[in-house]
Number of protein chains: 8
Amino acid sequence: MNNDIRKLLEGVSDGSVSIEDALLVLKKKPFEDLGYAKVDLHRQVRQGVAEVIYGAGKTPEQILGIVKGMKENGQETILITRLAEETAEIIRKEYDLTYQKEARCGIIGELPKADGIGKIVVATGGTSDIPVAEEAAVTAEALGNEVVRIYDVGVAGLHRLLSHLDELMEASVVIAIAGMEGALASVIGGLVDCPVIAVPTSVGYGAAFDGLSALLSMMNSCSSGVSVVNIDNGFGAGYLAGMINHMNEKKGE
Amino acid sequence: MNNDIRKLLEGVSDGSVSIEDALLVLKKKPFEDLGYAKVDLHRQVRQGVAEVIYGAGKTPEQILGIVKGMKENGQETILITRLAEETAEIIRKEYDLTYQKEARCGIIGELPKADGIGKIVVATGGTSDIPVAEEAAVTAEALGNEVVRIYDVGVAGLHRLLSHLDELMEASVVIAIAGMEGALASVIGGLVDCPVIAVPTSVGYGAAFDGLSALLSMMNSCSSGVSVVNIDNGFGAGYLAGMINHMNEKKGE
Amino acid sequence: MNNDIRKLLEGVSDGSVSIEDALLVLKKKPFEDLGYAKVDLHRQVRQGVAEVIYGAGKTPEQILGIVKGMKENGQETILITRLAEETAEIIRKEYDLTYQKEARCGIIGELPKADGIGKIVVATGGTSDIPVAEEAAVTAEALGNEVVRIYDVGVAGLHRLLSHLDELMEASVVIAIAGMEGALASVIGGLVDCPVIAVPTSVGYGAAFDGLSALLSMMNSCSSGVSVVNIDNGFGAGYLAGMINHMNEKKGE
Amino acid sequence: MNNDIRKLLEGVSDGSVSIEDALLVLKKKPFEDLGYAKVDLHRQVRQGVAEVIYGAGKTPEQILGIVKGMKENGQETILITRLAEETAEIIRKEYDLTYQKEARCGIIGELPKADGIGKIVVATGGTSDIPVAEEAAVTAEALGNEVVRIYDVGVAGLHRLLSHLDELMEASVVIAIAGMEGALASVIGGLVDCPVIAVPTSVGYGAAFDGLSALLSMMNSCSSGVSVVNIDNGFGAGYLAGMINHMNEKKGE
Amino acid sequence: MNNDIRKLLEGVSDGSVSIEDALLVLKKKPFEDLGYAKVDLHRQVRQGVAEVIYGAGKTPEQILGIVKGMKENGQETILITRLAEETAEIIRKEYDLTYQKEARCGIIGELPKADGIGKIVVATGGTSDIPVAEEAAVTAEALGNEVVRIYDVGVAGLHRLLSHLDELMEASVVIAIAGMEGALASVIGGLVDCPVIAVPTSVGYGAAFDGLSALLSMMNSCSSGVSVVNIDNGFGAGYLAGMINHMNEKKGE
Amino acid sequence: MNNDIRKLLEGVSDGSVSIEDALLVLKKKPFEDLGYAKVDLHRQVRQGVAEVIYGAGKTPEQILGIVKGMKENGQETILITRLAEETAEIIRKEYDLTYQKEARCGIIGELPKADGIGKIVVATGGTSDIPVAEEAAVTAEALGNEVVRIYDVGVAGLHRLLSHLDELMEASVVIAIAGMEGALASVIGGLVDCPVIAVPTSVGYGAAFDGLSALLSMMNSCSSGVSVVNIDNGFGAGYLAGMINHMNEKKGE
Amino acid sequence: MNNDIRKLLEGVSDGSVSIEDALLVLKKKPFEDLGYAKVDLHRQVRQGVAEVIYGAGKTPEQILGIVKGMKENGQETILITRLAEETAEIIRKEYDLTYQKEARCGIIGELPKADGIGKIVVATGGTSDIPVAEEAAVTAEALGNEVVRIYDVGVAGLHRLLSHLDELMEASVVIAIAGMEGALASVIGGLVDCPVIAVPTSVGYGAAFDGLSALLSMMNSCSSGVSVVNIDNGFGAGYLAGMINHMNEKKGE
Amino acid sequence: MNNDIRKLLEGVSDGSVSIEDALLVLKKKPFEDLGYAKVDLHRQVRQGVAEVIYGAGKTPEQILGIVKGMKENGQETILITRLAEETAEIIRKEYDLTYQKEARCGIIGELPKADGIGKIVVATGGTSDIPVAEEAAVTAEALGNEVVRIYDVGVAGLHRLLSHLDELMEASVVIAIAGMEGALASVIGGLVDCPVIAVPTSVGYGAAFDGLSALLSMMNSCSSGVSVVNIDNGFGAGYLAGMINHMNEKKGE
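Residues numbered from 1 in each chain as written. Chains lettered and ligands numbered in written order. Predicted model: local features only at pLDDT ≥ 70, side-chain atom pairs only at ≥ 80, totals over all residues. Heavy atoms only, no water.

**Side note on the overall build of chain A**
The helix and strand inventory of chain A stands at eleven helices and eleven strands. Considering only contacts within chain A whose residues lie at least 6 apart along the sequence, 65% involve residues at least 24 apart. With the model as given, the accessible surface of chain A reaches about 8,300 Å², and the carbon-plus-sulfur share is 49%. (Helix = DSSP H or I, 4+ residues; strand = E, 2+ residues; numbered from the N terminus. Contact = heavy atoms within 4.5 Å. Areas by Shrake-Rupley, 256 points an atom, 1.4 Å probe, with all protein chains shown as cover.)

**Focus on a negative patch on the surface**
Together, D210(A), D210(C), D210(E) and D210(G) make up a region of like negative charge exposed at the surface. Relative to the helices and strands, D210(E) is located in the loop between β10 (196-200) and α10 (212-219). (Patch = residues over 30% accessible without salt bridge, like charges linked within 9 Å, V, L, I, M, F, W, Y side chains within 5 Å. Salt bridge = Lys/Arg side-chain N within 4 Å of Asp/Glu carboxyl O. Lys, Arg positive; Asp, Glu negative; His and termini not counted. Charge placed at Lys NZ, Arg CZ, Asp CG, Glu CD.)

**Considering the packing of aromatic side chains**
Taken as a whole, this structure holds eight aromatic pairs over all chains when the rule is applied. Residues F235(C) and Y239(C) carry aromatic rings whose centres are separated by 5.9 Å and whose planes lie at 40 degrees to one another, so their mutual orientation is tilted. Of this pair, F235(C) and Y239(C) both sit in helix α11 (residues 234-244), four residues apart, which is roughly one turn of that helix. There is no split in this pair, since F235(C) and Y239(C) are both buried. Against the face of Y205(C) rests R82(E), its NZ or CZ located 4.8 Å from the ring centre. (Phe/Tyr/Trp six-rings, centres within 6.5 Å; stacked < 30°, edge-to-face > 60°. Buried < 20%, exposed > 50% of the residue type's maximum accessible area, 1.4 Å probe, protein only. Lys NZ or Arg CZ within 6 Å of the ring centre and 35° of its normal.)

**Considerations on the packing of helix α10 (residues 212-219) of chain F against helix α10 (residues 212-219) of chain G**
For the pair α10(F) and α10(G), the least separation of the axes is 9 Å and the interaxial angle reads 125 degrees. With respect to each other, α10(F) and α10(G) are oriented oblique. When the axes of α10(F) and α10(G) are compared, the crossing they make is left-handed. Where α10(F) abuts α10(G), its residues S213(F), L216(F) and S217(F) lie against S213(G), L216(G) and S217(G). Broken down by class, the residue content of the contact of α10(F) with α10(G) amounts to two nonpolar, four polar and no charged. (Axes fitted to C-alpha atoms, helices over the stretch in contact; angles between N-to-C directions. Parallel < 35°, antiparallel > 145°, perpendicular 65-115°, else oblique. Left-handed = near helix turned anticlockwise from the far one by under 90°. Nonpolar A, V, L, I, M, F, W, Y, C, P; charged D, E, K, R; others polar.)

**Overview of the sheet that holds strand β4 (residues 78-81) of chain E**
Residues and elements named next belong to chain E. Across the sheet, four strands lie side by side as β3-β4-β6-β5; this open sheet has mixed pairing. The outermost strands of the open sheet, each flanked by one partner alone, are β3 (52-54) and β5 (97-100). Pairwise comparison of adjacent strand axes, ignoring direction, gives a mean angle of 20 degrees for this sheet. The pairing of β5 with strand β6 (residues 105-108) spans four bridges and is classified as antiparallel. Bridge assignment links T98 to a residue of β6, and that residue is I107. Across the sheet, helix α4 (residues 60-72) touches β3, β4 and β6, and the angle it forms with β4 is around 160 degrees. Of the strands in this sheet, β4, β5 and β6 touch helix α6 (residues 130-142), which is tilted by about 165 degrees from β4. (Pairing = 2+ DSSP bridges.)

**Focus: the sheet that holds strand β6 (residues 105-108) of chain C**
Residues and elements named next belong to chain C. Read across the open sheet, the four strands follow the order β3-β4-β6-β5; overall the sheet is mixed. Both outer strands of the open sheet, β3 (52-54) and β5 (97-100), are each paired with one neighbouring strand and no more. Here the strands of the sheet are splayed against their neighbours by 20 degrees on average, with no regard to which way each runs. By the bridge criterion, three bridges tie strand β4 (residues 78-81) to β6 in an arrangement that is antiparallel.

**Examining the domain arrangement of chain A**
All names here are of chain A. Assigned domains within chain A: domain 1 (4-110) and domain 2 (119-248). Taken residue by residue, the interface counts 14 residues in domain 1 and twelve residues in domain 2. For the pairing of domain 1 and domain 2, the buried interface totals around 1,000 Å² over both sides, and the portion due to carbon and sulfur atoms is 66%. Considering only the side of domain 1, the residues that lose the most area to domain 2 are R82, E102 and A103, jointly responsible for 38% of the buried surface there. Inspection of the region where domain 1 meets domain 2 yields one salt bridge. The salt bridge partner of R82 is E135, with a shortest N-O separation of 2.9 Å. Linking domain 1 to domain 2 there are two residue pairs in polar contact (both at pLDDT 80 or more). Looking at the side of domain 1 that touches domain 2, the elements with two or more residues in it are β4 (78-81) and β6 (105-108). For the side of domain 1 that touches domain 2, the per-class residue count stands at six nonpolar, four polar and four charged. (Domains from an automatic or database assignment. Buried area = accessible area lost by both parts, 1.4 Å probe. Polar contact = N/O pair within 3.5 Å; in protein donor to acceptor, adjacent residues only side chain to side chain.)

**Some details on the side chain of S186(A)**
Here S186(A) is to be found in helix α9 (residues 184-191). We classify S186(A) as buried; its relative accessible area is 1%. Residues contacting S186(A), with those up to four places away along its chain left out, are S221(A), C222(A), S223(A), V155(B), A156(B) and E181(B).

**Some remarks on the pattern of salt bridges**
Counted according to the given criterion, the structure contains 51 salt bridges over all chains. Two residues, E134(B) and R149(B), come together in a salt bridge whose shortest N-O distance is 2.6 Å. Here E134(B), found in helix α6 (residues 130-142), pairs with R149(B), found in strand β6 (residues 146-150); they are 15 residues apart in sequence, far enough to count as distant. Overall, the relative accessible area of 10% leaves E134(B) in the buried class. Given the relative accessible area of 32%, R149(B) is considered partly exposed. A salt bridge links E72(H) to K68(H), with the nearest nitrogen and oxygen atoms 3.7 Å apart. Taken as a pair, E72(H) and K68(H) lie in helix α4 (residues 60-72) at a separation of four residues, close to a single helical turn.

**Focus on the environment of N230(E)**
In this structure, N230(E) sits in the loop between β11 (226-228) and α11 (234-244). Beyond its immediate sequence surroundings of up to four residues, N230(E) is in contact with Y205(C), G206(C), A207(C), M219(D), N220(D), V199(E) and P200(E). Polar side-chain contacts of N230(E) include one of 3.2 Å to the backbone oxygen of Y205(C).

**Concerning the pairing of strand β7 (residues 173-178) of chain H**
All names here are of chain H. With six of six residues buried, β7 lies mostly within the body of the structure. Side chains of β7 alternate between two faces, with V173, I175 and I177 and V174, A176 and A178 buried alike. Here five bridges tie β7 to strand β8 (residues 196-200), and the two strands are oriented parallel to one another. Bridge pairing in β8 places V174 opposite V196. Once the chain exits β7 it traverses helix α9 (residues 184-191) before rejoining the sheet at β8, and the crossover so formed is right-handed. (Right-handed = clockwise from strand over helix to strand, strands pointing away.)

**Let's talk about unusual backbone geometry**
One non-glycine residue with positive phi stands out, namely R104(B), at about 50 degrees. Looking at the secondary structure, you find R104(B) in the loop between β3 (97-100) and β4 (105-108). One non-glycine residue, D152(H), lies in the positive phi region at around 65 degrees. Looking at where D152(H) falls in the secondary structure, it is placed in the loop between β6 (146-150) and α7 (158-162).

**Re helix α5 (residues 85-92) of chain F**
All names here are of chain F. When α5 is considered as a whole, its buried residues turn out to be T87, A88 and I91. Each buried residue of α5 lies within a common arc of 105 degrees when the element is viewed along its axis, so the set occupies one face. Against the buried residues of α5 lie α4 (60-72), β2 (78-81), β3 (97-100) and β4 (105-108). (Arc of directions from axis to C-beta.)

**Focus: the side chain of R82(G)**
Residues and elements named next belong to chain G. Residue placement: R82 occurs in the loop between β2 (78-81) and α5 (85-92). Classification of R82 by relative accessible area gives buried; the value is 16%. Separated by 2.9 Å, the side chains of R82 and E135 make a polar contact. Among the polar contacts listed, one links the side chain of R82 to the backbone oxygen of D232, at a separation of 2.9 Å.

**Overview of α4(E)**
Residues and elements named next belong to chain E. Over its 13 residues, α4 runs 18 Å from end to end, which matches the ideal 18 Å to within 8%, given 1.5 Å per residue. All of the buried residues along α4 are P60, I63, L64, I66, V67, G69 and M70. Just downstream of α4, G74 is the residue with a positive phi angle, here 90 degrees. (Expected span 1.5 Å × (residues − 1).)

**Thoughts on the environment of I117(F)**
If you trace the backbone, I117(F) turns up in the loop between β4 and β5 (119-124). Along the sequence, I117(F) and I63(F) sit 54 residues apart, while their C-alpha atoms lie 33 Å from each other.

**Some points on the packing of helix α6 (residues 130-142) of chain G against helix α11 (residues 234-244) of chain G**
All names here are of chain G. Here α6 crosses α11 at 35 degrees, and the two axes come no closer than 7 Å. α6 and α11 meet at a crossing whose hand is right-handed. Counting all contacts with α6, which are made through V132, E135, A136, T139 and A140, the residues of α11 involved are G234, F235, G238 and Y239. Each residue belonging to the contact of α6 with α11 can be placed in one class, and the counts come to five nonpolar, three polar and one charged.

**Focus on the environment of Q100(D)**
Residues and elements named next belong to chain D. The residue Q100 is located in strand β5 (residues 97-100) in this model. For Q100, a relative accessible area of 26% translates into the label partly exposed. Q100 sits 17 residues away from L83 along the chain, and the two C-alpha atoms are 9.4 Å apart.

In structure tokens, the structure reads:
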């Protein structure tokens, strides 16, 4: 995934980038201080997430500042999550941003082409879980994955889920998103033989306790291959799914 | 009622009743008119629970005493739940008791013949839930119901559950028993169109938190027709299922 | 309850509906895709709830779309729960909708006549529990049940509850709704010999913890025949009560 | 209640005790150090609880030491709570101790005669609550109160409770002890017009959560006049009830 | 406390009230139905709380209706708790109501003269606890008690509490009100030899968890004579304190 | 499908099929079309978990029976988790079982050779976490993975963790196992660019609350690529890690 | 003390003091001997907190009143925490107040010069924790300490924290502020050899549960030298850190 | 640093270093520059904790091995906490170990002389808290501090605490240890002007919930200068207190 640095090194290797220029780029990377928050560009080397900005709690000015820093470092595609529509409007004045309303995400630049092992299925129990699902789906797409959306297939209507059995069985990773009793993860986990990332949502009322019920339920899944991320953490699930879907790139494969 | 109070007031008026005594009588008035003594007898006829003894925390002597009292009142069949095997041995010396080890239940006398609306299905997620299931099943049988047992059909292996679709769809009531994530109740609730009684069990470890996870999960079931009883309360589920399965007997039908 | 399909089959049986027409209706049923949420009409076969729309979190347009789909499939009576008054106004412009303010429910079409085994009693501990109770009552009525309302009969004033002893004892199902300490379910459970569906409410303050106290209390009921649904889940209780009150229809009885 | 000090002062007043002797007694009182735990005899002046020893976690030697210190200070009656039977045996070798097995309490010396305002009713929901009830009852008796025991009158069988309506209505204080759903306190609170002290117990299983359910339930009682002490705290309830039942002694009345 | 009924009986006893008139009053009492909530006037006989209206969640019209019913029954003094200032304005147009802003209470009619055993001390840990304290104080005053207010004497500044030692020691009942760590109840409980009613408040932040921390802390008080009511339940504490402070009226004393 | 339904309707039409029977057939329709019997076989091939036996709660006889069945089906390698040493002794009499004491696992047959994408690192915060870690490691090995163990590298001594930076950075998957504050997962998640599976353990005391603290902590990890399995669930983590480490085998690669 | 009591006893003896009065005096004895009025003054000198006003829940008038009182007593520097900006405006009209927006603190008068043992480092995991951090930093500065701010150094990017290793190692006290998983305190605690004060914040979502997760995590820190204050309690941490940083002033140093 | 990277780039340029290898080197860069190997040594000098062995969960052999290693490194005094008496016996055969039974601690070698700023007061609410207190006290002594023990001074008997006012006021650090309601920390925090370390204990029953109540209570302390360590963590409190009591040694003082 460390495409930027890898490209730089390839440039050094084939002579198209001078050592001095490469040194300059690498020197600038680690700790570019933007005042309010150190944008950690070196982190890209390690995790490849430099192109994602977590928008929650940031002012439009702060986000613009971070985008500018990234752009100056040559970052082409930038994903901004938890982005309010009004803030998106402001950013759009300076950058070519596509806003995905339901996912509350903005994307600057072109989406990369999907080059993962297979397809990532994003499934939800109900329609209220869709915003979390879209955050997961858009994140995965922004990281170069093909995503199949299967929404509103909660276990209370099993035939709806089972009518998508083919897509589920062909998935390389499944993200199972559900509030309420969170049973979707267990049921899918028992059907497929690929990793299942469970995302509890805060959807529900009463004994749902803001996602606690779904979280506990998913932690207790008796299906093998299931793991859980934080309540409503669509980004985390999409990111991890994308990472697993690119495992073949590890170690020169 | 007016007459009683009038007499009382006359007593106050002529000094034969003290104000304090009159106050006390007036206090008790609302309940005296209820004939609550009558309630007790009525209850015995109605609920049919006189023949069940909750064995937990009772000494063999205490249980024997209750059995003796029941027998003298003409009770033919008696179900004793949460009965330790050693205690069963002691009771067996005096009464013809059949002990069901897994259910930890003893039955004195003949089981009634099944005369309910239909069959009660008792389903469990795993094999560890079977003791709770057997308590439910034996209770329902002792109350005159035919019981179909479908064990170890947890949602992590959906095909196991679906291979019993016929029995589930023909059931008049289903008791869904599961620990861990407790998803069984929701899945069954979505498949059948009869009442589903969910029993969370304390089976599991870690985030199962002694049945809390399953309980919350079941409370949040998005399937209609599902209600929940206490953790490990097999008796309560069996009793309620039997009651529902005899609804046709209500109102002279 | 599967009246629609049953009627269709009866039509086929008596020749008033051609096989081709029946096939067409059945084909359309399972997965009519309305874009945002698959209205699962096939589900009606299994659960008979197709005529209920859960209004929470749906836009007026979405609800209108679902209503339209149902109407085109011949659904006469439609119950919409958790329906905001403003949304009801919008729907009323196109359909003949009766809005029940306290229950926050709308009904399109005629209420079915009550044809259950007996009467369903809906009882509340306080006046603040009435919205949940009305949701339960209207749901049960919409499903063809006669409902008796007994409100504000909390256990702190036992004589109020006991003055309704006759109605309670004649009930075929009781829905006991209470916040705070939730004791109503246990007390009623000990008085009657029919199923009691307990609904904890989020009414209360302090240690009521948004219904958790009532929920735990009701789970622990020592009365037999009591089961519990989610906090504030009036619909679920009304639906289940209606199902139990029609148990005589099971298996051709 | 400050009988010892009052007697001392009366002795000073009538000349039977010299000022020097009185001074010596008072000097010794406040902080008599027994090495492991300061027995706070001065506390008797303030709270009148000096004659109670909380036996839990104390060795027989420690208890004997405290008893000895109390006896040397002229204490006639001593109540030891949470006292293991074996420890009672050891103490009995040196002091005339009566052991109450169910209450797990030992009493040295004569019980005082009952001189309170009225009777204290101790009521329990079930038979398993009796040990806590007996601790409360014995404590109240040891503090000079007449106690009426009404056990196993849980709300699931309301007629049992109502058959004791006379005793409840005549009580000056009621101690309501229950595990499970803890509804007993609310129901009694609604029946009587005297203070009700609620004691949740750890009796129950599953969602009883070691008394938490009963505690929350009792905290939420909608009946006026109800307050709550710690789970299983029979002593605390008995002590407080005794204090209230002697309110007439306040301010020279 | 049952002053109304007692007065009625006294009238009957001394001939100033005819038996017929008394009968008429008593007949009207039990179940006067106001439509939305049965005002339980008979309850006055049992608990003496008929003159208190819990204002939370009631419309001005509802409150006016209840007040009217009470007035027609001869009730002179009426306390309305949890009363919004705007609602108080509306009621004031028809009845002579005094509004106590901090306590959020309204009083119609004259306060009764204080005739209890002694004084009730209402103490708070901080200034933020004062609204709850005022609700307790006004309630106690409305029930005929003299109240001493000692505010902002939290345990973090012990000398402030100790400077009121005289008032505390002379109290017949103490109401200890505190949020945060709730230690006030234990400290006062160790200083005085009268009943202490602890009221946890929802004051605080972070680990105060809306009063849960104070509630648990107070439940665990090691001081004898302490009992606890619900979080923020000033009325309950004031009512119970008033009841205890009138214990001398029990049984003809 | 149309043909089946057409035939059914023809039967209804000509009277050879009763309406009730037709209704039942229509109910089961959505699932019959799935060929779910097929699912079962498929699963055995796919998930590779048929060779794992969860030993907890099974008698030696039960385990022996399962092993026998597997062996007869040609299974060469069998992993038994949560296996008591005594039970291992019994099995060893009939099969060639290697017992790994710390992991509480038994292996029958040869371990497969490691053929995954890369190495799986199993890291623990302390030495008390090692049993869970060994269960994870042995499981991964039994599924054909090379495992690197890095134990006792908790974040309180960061240098210990950092001295293994090479192994961590080369890992294809990391399993981070920790009790107490569970910070290990976040720290490792920030260092590596591969999936991290976090396993909270029940190690710790006091506010560790049997693993709840570590579980919540890990759920909140701000590092991307981290997901969580149940408390002490070493097997689940090892299984999932092995699955991810074989992602290259997906889709014919 | 003996003299006072002797005089009292003489009064009792000669009848000039009633027994009741003597009893009351003896009750208050243990506290009167303390001269607790003295305690208060002493406190002002010692704790140096007289100059801090906790602004939350206070009206501008109340704050102005307190400031006025302090100023009249010669207090030069006053710190007001949890101060709304509008309130600051009002105060600024009368006093020379500097408002620190992020810390929500106002300072009247000159900041004291830093005279502590060393520097206090205030570190945060993320940028959202900064308001709490600034409250801590400003408090420490107002109490005469030099503060080094290291913000946004959460453990998910360890190199950011490690790049400040020098400042951390030179600190005399570190305040570690973090929400989410709260791991910062443990990691810093393992790096430095000075006291670490951990402040959990309510930053985060889902399983962060308003700071509960961070709080539990920090309580479980395996690093020695770490202790915890309440969620979001920046003031408490700053105050304690300042106190520790002036330990050299103890005992005449 | 530039030189290293330049060399690396030159290698890439001339083909002697592969791009993959260069990527890995660049990944590890941020940590390699830290000289973290140095950190370890530094730590030993700094924290002084090398001489403490946490004995819980370690076999006698493991402890002996660690002791041997320390001794060979010249460590003279070694403190072993959570040490079972039998294990102490085994160690005593080889090393001169003093076992402190109540603290469950063993000390090998001479205790250092006390050289701190002042005295550390260890105070407990009850006698049951003493084991935790002794662990704290012995730890502090082993780290060169003078310790004053004030046990059984819980807030329910305030005069006991106040009789130690002198010792408290002279303390340089106070460790306040209490279970139940944990009020001791707040009360002491309000009396003294030095840091107070609060240790909740698991002492208590019922709503004490194994120390949770005391923990929450202490977290909410309104006294400034109070911070909290884990439940029953006597060692942690003793260690931190010792560190604070040696603050004068910081920065060459």
